[in-house]
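Working through the structure, step by step
For reference, the chains in residue letters:
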Amino acid sequence: MTRSVSGRSPGPRYSVRVRLTLSYAGFLVVAGAALFALVFLVLRFVPDAPIEESGTGA
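Structure report, in brief. None of these values were measured; they are calculated from a predicted model.

Another point: the overall build of the protein chain. Looking only at helices and strands, the protein chain features 1 helix and 0 strands. Looking at the protein chain as a whole, 0% of its 58 residues qualify as buried. As displayed, the protein chain offers around 6,000 Å² of accessible surface, 67% of which is attributable to carbon and sulfur atoms.

The next point concerns helix H1 (residues 16–43). Taking 1.5 Å as the rise per residue, H1 with 28 residues should run 40 Å; its terminal C-alpha atoms sit 40 Å apart, in good agreement. Among the 28 residues that make up H1, 0 are buried, leaving the element largely open to the surroundings.

On the surface, a nonpolar cluster with roughly 550 Å² of combined accessible area is contributed by Leu35, Leu38, Val39, Val42, Leu43 and Val46. Turning to its location among the elements, Val46 is positioned in the segment after H1.

A word on the packing of aromatic side chains. To describe a pair of aromatic rings, one takes the distance between the centres and the angle between the planes. In total, this model carries 0 aromatic pairs according to the counting rule given. Sitting above the plane of the Phe45 ring, Arg44 keeps its charged end 5.9 Å from the centroid.

About the thresholds
Residues numbered from 1 in each chain as written. Predicted model: local features only at pLDDT ≥ 70, side-chain atom pairs only at ≥ 80, totals over all residues. Heavy atoms only, no water. Helix = DSSP H or I, 4+ residues; strand = E, 2+ residues; numbered from the N terminus. Buried < 20%, exposed > 50% of the residue type's maximum accessible area, 1.4 Å probe, protein only. Areas by Shrake-Rupley, 256 points an atom, 1.4 Å probe, with all protein chains shown as cover. Expected span 1.5 Å × (residues − 1). Patch = residues over 30% accessible without salt bridge, like charges linked within 9 Å, V, L, I, M, F, W, Y side chains within 5 Å. Salt bridge = Lys/Arg side-chain N within 4 Å of Asp/Glu carboxyl O. Phe/Tyr/Trp six-rings, centres within 6.5 Å; stacked < 30°, edge-to-face > 60°. Lys NZ or Arg CZ within 6 Å of the ring centre and 35° of its normal.

Shown next, in the form of structure tokens:
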């Protein structure tokens, strides 16, 4: 068994496919949170009252 400098054996080594899947899932979670925050910030400025026509001729 190989030992690292700290004296403990290294942790489990995940395959490239697992690491790419986890990194892609992490990216999607971060992107989804950013999109949610952006929509939340934009919708804060939408007025609560109904928008009425100004009544200037047609």
